[in-house]
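Chain by chain, the residues:
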Amino acid sequence: MTAILLQFAHILLVVALAPLVTGWVRLVKARLNGRCGPSPFQPYRDLYRLLQKEAVIAHSASWIFRAAPYVTFAAVWLAACIVPTFTTDLLLAPAADLIALVALLGLARFWTALAGMDVGTAFGGLGSSREMLIASLAEPAMLMVTFSLSLLSGSTSAAHIAAFVLSGGIGLSVSLGLALAAMVMVAIAENGRIPIDNPATHLELTMVHEAMVLEYSGRHLAMIEAAGMVRLTLFMALIGCLFMPWGMARPGADLAEIAIGLGAFLGKTFALGTVLALFETSIAKMRVFRYADFLGGALLLALLATIFHYVSEAV
Amino acid sequence: MFAHLSYDVAHLIGATVLMAGFGLLYQRRLQAVLNTFAFQALALAAAAGWQAHVQNAPHLWATAGIALVFKALLVPFALHWLVERLGIHRTVETALSIGWTMIVGVALVALSIMLVLPVTAGAAALTRESLALAMSVVLLGLLMMITRHNAVTQVVGFMALENGLILAAVSAKGMPLVVEISIAFSVLVAMILFGIFFFRIRERFDSLDVQYLETFRGDRQ
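Calculation notes
- Residues numbered from 1 in each chain as written.
- Chains lettered and ligands numbered in written order.
- Predicted model: local features only at pLDDT ≥ 70, side-chain atom pairs only at ≥ 80, totals over all residues.
- Heavy atoms only, no water.
- Helix = DSSP H or I, 4+ residues; strand = E, 2+ residues; numbered from the N terminus.
- Buried < 20%, exposed > 50% of the residue type's maximum accessible area, 1.4 Å probe, protein only.
- Lys, Arg positive; Asp, Glu negative; His and termini not counted.
- Salt bridge = Lys/Arg side-chain N within 4 Å of Asp/Glu carboxyl O.
- Contact = heavy atoms within 4.5 Å.
- Patch = residues over 30% accessible without salt bridge, like charges linked within 9 Å, V, L, I, M, F, W, Y side chains within 5 Å.
- Areas by Shrake-Rupley, 256 points an atom, 1.4 Å probe, with all protein chains shown as cover.
- Phe/Tyr/Trp six-rings, centres within 6.5 Å; stacked < 30°, edge-to-face > 60°.

**Topic: the side chain of Arg231(A)**
Residue and element names in this part refer to chain A. Mapped onto the elements of the fold, Arg231 is located in helix 9 (residues 218-243). Although Arg231 is buried, it makes no salt bridge; Glu190 carries the closest opposite charge, 5.0 Å away. Contact partners of Arg231, with chain neighbours within four places excluded, come to Val76, Leu105, Ala108, Glu190 and Asn191.

Listed below in structure tokens is the structure:
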């Protein structure tokens with residue numbers, strides 16, 4: 001019973017919090033750039049405004065174009081539902097593991113790329129092709145991280161890994177550190193953050209994600225923007241859950257422990273958002289031809305994590 | 001519990017040194033390479049400091065200090081100054097594809113692990129894994145010297161190799177301080193010699209690309 005309640009609370013929390021997290025990252029970035037910056041609640045207002053507006057659809061658009069925003073958002077939201085945030089005691093926790101998570105994110109990406117090509121404009125196709133390039137590099141790296149983590153903990157379930165790390169089963173391990181580094185690199189690529197893609201750009205030559213969704217307006221655009229925000233929160237929750245699950249409530253926790261878990265989750269998320277803003281301010285976007293090096297590096301780090309796992313087993 | 005923790009922290013710092021070794025392979029701009037090298041030396045100093053704390057060996061604090069002062073500060077600053085003086089601070093190297101270099105790097109790490117673990121079967125666990133890490137760092141330094149064309153990055157590869165040697169030395173018990181200090185000073189002397197060498201190479205070939213050296217046949221042309 002509590003699992004059902006907690007699951008619903010979790011589902012609502014993720015969606016309610018996502019715009020605030022994005023707004024927080026934007027605010028910190030603006031402050032670091034010496035600007036005043038909008039209030040962290042601005043993304044809520046943006047979404048509300050977009051929802052009020054009329055959706056303009058191109059004549060050449062098919063049903064795929066209309067369906068894509070909803071499918072994308074649903075897939076990302078479902079993915080967010082299975083990543084434990086403040087408690088590991090979730091209804092969906094046993095059913096969903098990290099491989100399912102990768103698949104759901106892949107589904108969302110696939111539909112966005114389809115929608116980018118659907119209208120038949122040059123920019124949409126260009127954005128889709130670049131997005132697929134990034135996906136083909138990021139997904140193997142993400143799966144490799146999953147494998148090295150599951151080798152360490154003996155399971156691919158995020159809740160199980162979190163519980164294992166919490167119980168001190170891993171401790172400080174080289175493999176965990178390497179997997180964290182790889183995971184951060186993948187998260188940057190998956191969210192289209194700065195060294196890979198600039199979320200704030202509208203310069204044609206450099207945009208990837210923006211190019212795909214250029215044709216969208218009104219409620220469709222609101223869904224796509226919201227999906228992007230939920231994805232960012234999801235990856236922060238995932239990094240928090242797998243590598244620093246401290247404070248998380250476990251099955252059978254009372255209200256106080258759940259409150260602690262909630263506070264810890266909020267603290268971790270906003271700390272990660274601050275770190276992300278710092279990182280993005282201090283680095284320049286890389287060339288498209290360097291993506292393979294960057295994400296190949298992530299793949300190799302995850303591979304090293306596996307190698308070192310076997311070394312510590314052998315010692 | 002405490003012994004386990006000290007072991008894990010030593011590993012984590014060793015792995016940081018190794019990661020910096022990969023960072024050196026990944027970077028293509030000269031100044032970024034120098035910054036990564038300074039970071040590696042910093043991690044090395046931390047490794048030495050941690051070993052000094054764990055093994056209760058005061059002379060390792062001297063090692064840590066030498067690594068910090070000479071390698072993390074002095075050598076990078078000198079190299080930065082040299083690069084500025086030579087006017088090559090904007091150089092982007094495209095010698096060998098970065099991706100392939102990294103793959104070869106991972107293969108070298110696997111090789112050093114396969115080599116070290118069977119050979120040191122009798123040694124303490126702490127020494128064995130650190131030795132594998134240190135050997136990987138040495139091999140990555142060698143790889144960097146092979147794959148780069150620019151003389152400055154080759155020298156950085158040499159220094160990274162030397163970092164790996166020090167990492168191996170601090171994890172094994174009982175390296176005499178005299179040896180340590182003499183290595184540190186010989187690296188400094190090497191650094192000065194390299195500096196003079198850079199100017200000579202550039203004077204002769206108007207470039208620091210060592211490929212010109214390969215076809216050079218003295219004054220007899």
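Still more to cover.
**Looking at the pattern of salt bridges**
All names here are of chain A. Enumeration according to the criterion identifies seven salt bridges over all chains in this entry. Glu190 serves as the salt-bridge partner of Arg109, at 2.8 Å between the closest nitrogen and oxygen. With Arg109 in helix 4 (residues 98-118) and Glu190 in helix 7 (residues 174-190), this pair connects stretches of sequence that are 81 residues apart. Across this residue pair, the class does not change: Arg109 and Glu190 are buried. The shortest N-O distance in the salt bridge between Arg193 and Glu280 comes to 3.0 Å. Taken together, the residues span a long stretch of sequence, with Arg193 in the loop between helix 7 and helix 8 (209-212) and Glu280 in helix 10 (residues 255-281) at a distance of 87 residues. Among the residues examined, Arg193 registers a relative accessible area of 10% and is labelled buried. Accessibility expressed as a relative area gives 2% for Glu280, which makes it buried.

**Some details on a nonpolar patch on the surface**
A cluster of nonpolar side chains, Met1(A), Ile4(A), Leu5(A), Phe8(A) and Leu91(A), forms an exposed patch at the surface whose accessible area comes to about 560 Å². Within the secondary structure layout, Met1(A) lies in the segment before helix 1 (2-32).

**Things to note about the packing of aromatic side chains**
Residue and element names in this part refer to chain A. This model, assessed by the stated rule, comprises six aromatic pairs over all chains. Ring geometry for Phe73 and Trp77: centres 5.5 Å apart, planes at 45°, overall tilted. Taken as a pair, Phe73 and Trp77 lie in helix 3 (residues 63-81) at a separation of four residues, close to a single helical turn.

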